[in-house]
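Observations on the model geometry
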Amino acid sequence: MLRSKILNRIRLLKPVIDRRCMSSASKTPLTLLEVDDKSGIATLSLNRPPVNSLNIDLMNSIIESITEIEGNKSRGLILTSANDRVFCAGLDLNELHKPNQERLKEFWAVFQDVWLALHLCSVPTAAAINGHAPAGGCLLATACEYRVMLPQMTIGLNETQFGYMAPKWVMLSYLSVLPRRLAERALTQGKLFTTAEALDVGLVDEIAASKEEALAKCSTFIDSFSKANPLARSLTKKQIREPDVQKLIADRAGDLKECLEYINSPLLQDGLGAYFEALKQKSRSKAGKS
Ligand SMILES: CCCCCCCCCCCCC/C=C/C(=O)SCCNC(=O)CCNC(=O)[C@H](O)C(C)(C)COP(=O)(O)OP(=O)(O)OC[C@H]1O[C@@H](n2cnc3c(N)ncnc32)[C@H](O)[C@@H]1OP(=O)(O)O
C-alpha cells in the first residue's frame, strides 16, 4: 500500500515524458551509454560532433538514455562528453537562427523535456565536465546534483552575450546552485566562469586533472548515497526540486509562447545572426591557420 502510494507520488511529481528518440540520419549514436557492471553506475556521453550542440535528435537521445537508466536500476548517472574540448556548446544555433516555426515549437518542447528529465532524474546524477559548457551546456550541468570540471574550461549562462535572456526555469537552475546576488550578476553579464572561478563560487564542486579523475570523483559522489534508501532518496530530491519544476510545468505553453516571440523578434534574430557568423568566422580562420 505504502509503496504504491510512494510510486504514485513519484508519477505525480515527474511529468510524463513519452518521447521516443527520433532516429537520427547520422550513423553514429548521438549519446553513448555504458553501465559499469561492478559499480552499477551509468556513464552517458554526449557524442554529436563537433561541439555536442543540442538539437532535437540529441536532446531526445539524452531523454531516452535517462529513461533507460532509470528503468535498468542503475545506481547513478554520470553525464560527460565524448569530445575532449567541449562538454556541450549549448543549444544548436541552427535551431534558433531563422528557424522553421513548427520545428522551433518542437525544439523548445524537447528542450523543456530534457531539463525536466535530467533535473528530476530518480537516480543520483553528476556531471564530469571535460570541456567548455556555455549556456545550454551549463544548464545540463546544473541540472545534475554534482559537478566536477577539468582545468582551463569555461562554464556559464552567457545568453545576454548574444542578445537573449535565459528563460525563468533556466535561471532557476542557476539559482539552485549559486547565491542569488552572484547568479543575478553572472546572468546579466552573460558571464562565462573559468574552472577556477566556477569552483570558487560553487558552480562546480571539484576540479579534476583528467576525465578519468573526474569520472572517479563523480562515482565517489554517487557512492555517498549507498546507505540511503533509493526510493526515499528520489522522493526527497523531487520534493526539494518540485517548486522550481512546477514553475515550468504549470505554464509550459506560456513559456513556449514567450520564447517563440522572443526568439523570432528581428532584433534578436539579427544579434544571433551576427553572433553565429562570428563563430563561423573564428572557426574558418582557425582552419585557415591549421
Ligand atoms: C521574455 C523572454 C523569455 C526568454 C526567451 C529566450 C529564448 C532564447 C533562447 C535562450 C535559451 C536559454 C538557454 C540556452 C541557450 C543556448 O544554449 S544558445 C547557444 C549558446 N552557445 C554558445 O554561445 C557557445 C558558442 N560556441 C562556442 O563558444 C565555441 O564553439 C566553444 C563551444 C567554446 C568551442 O570552441 P572551439 O572548440 O574553438 O570550436 P569552434 O571553432 O568555436 O566551433 C566549432 C564548430 O561548431 C560550431 N558551433 C559552436 N557552437 C555552436 C552552437 N551552439 N550551435 C551550433 N554550432 C555551433 C561553430 O560554428 C563551428 O562550426 P564550423 O564553422 O562549421 O566549424
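This write-up is about the structure you can find in this document. Please read all numbers here as calculations on a predicted model, not as lab measurements.

To continue, consider the overall build of the chain. The number of helices and strands found in the chain is 12 helices and 9 strands. Relative to its length of 290 residues, the chain is compact, with a C-alpha radius of gyration of 18 Å against a globular reference of 19 Å. By principal-axis analysis of the C-alpha atoms, the chain measures approximately 60 × 45 × 45 Å. Per-residue burial over the chain gives 49% buried out of 290 residues. A sequence separation of at least 24 residues applies to 75% of the contacts in the chain between residues at least 6 apart. When the accessible surface of the chain is summed, it comes to about 14,100 Å², and 58% of that surface belongs to carbon and sulfur atoms. With 37 positive and 32 negative side-chain charges, the chain shows a separation of 2 Å between the mean positions of the two kinds.

The subject of this paragraph is helix α5 (residues 136-143). Counting buried positions over the 8 residues of α5 gives 8, a clear majority of the element. Taken as a whole, α5 has its buried residues at G136, G137, C138, L139, L140, A141, T142 and A143.

Within the largest apolar cluster, 81 residues are counted, with the highest numbers of intra-cluster contacts made by I155 and Y174. With 10 residues, the top contributor of residues to this core is helix α4 (residues 101-119).

The subject of this paragraph is the sheet that holds strand β8 (residues 193-194). What the 3 strands build is an open sheet, ordered β5-β7-β8; its pairing is mixed. Two strands lie at the open edges of the sheet, namely β5 (133-134) and β8, each paired on one side alone. Sheet topology places β5 next to strand β7 (residues 154-156); 2 bridges connect them, and they run parallel. Opposite A133, over in β7, you have I155 as the bridge partner.

Another point: the site of the ligand. The ligand sits among 33 residues. The nearest are A89, L91, Y275, S283 and K286. One of the backbone nitrogen or oxygen atoms of L91 is found 2.7 Å away from an oxygen atom of the ligand. Protein chains bury 85% of the 1,300 Å² of accessible surface belonging to the ligand in isolation. Those elements that provide at least two residues to the shell around the ligand are α4, α11 (252-264) and α12 (266-289). The greatest single-element share of the shell around the ligand, amounting to 7 residues, is contributed by α12. Per-class residue counts for the shell around the ligand are 20 nonpolar, 6 polar and 7 charged.

By the definition in use, this model includes 13 salt bridges. The residue R48 makes a salt bridge to D92 at a minimum N-O spacing of 3.0 Å. Of this pair, R48 sits in the loop between β2 (41-46) and α2 (56-71) while D92 is found in the loop between β3 (76-81) and α3 (93-96), placing the two residues 44 residues apart along the sequence. Like R48, the residue D92 is buried in the burial classification. Of the charged contacts in the structure, one is a salt bridge between K217 and E213, with a shortest N-O distance of 3.3 Å. Note that K217 and E213 are positioned in helix α9 (residues 211-223) at a spacing of 4 residues, about one turn of the helix. By relative accessible area, K217 is classed as partly exposed at 22%. When salt bridges with common partners are traced through the structure, they connect E145, R233 and K237 into a single cluster.

So, how was this worked out
Residues numbered from 1 in each chain as written. Predicted model: local features only at pLDDT ≥ 70, side-chain atom pairs only at ≥ 80, totals over all residues. Heavy atoms only, no water. Helix = DSSP H or I, 4+ residues; strand = E, 2+ residues; numbered from the N terminus. Rg over C-alpha atoms; globule rule 2.2 N^0.38 Å. Buried < 20%, exposed > 50% of the residue type's maximum accessible area, 1.4 Å probe, protein only. Contact = heavy atoms within 4.5 Å. Areas by Shrake-Rupley, 256 points an atom, 1.4 Å probe, with all protein chains shown as cover. Lys, Arg positive; Asp, Glu negative; His and termini not counted. Charge placed at Lys NZ, Arg CZ, Asp CG, Glu CD. Core = buried A, V, L, I, M, F, W, Y, C linked by side-chain atoms within 4.5 Å. Pairing = 2+ DSSP bridges. Near = heavy atom within 4 Å. Polar contact = N/O pair within 3.5 Å; in protein donor to acceptor, adjacent residues only side chain to side chain. Nonpolar A, V, L, I, M, F, W, Y, C, P; charged D, E, K, R; others polar. Salt bridge = Lys/Arg side-chain N within 4 Å of Asp/Glu carboxyl O.

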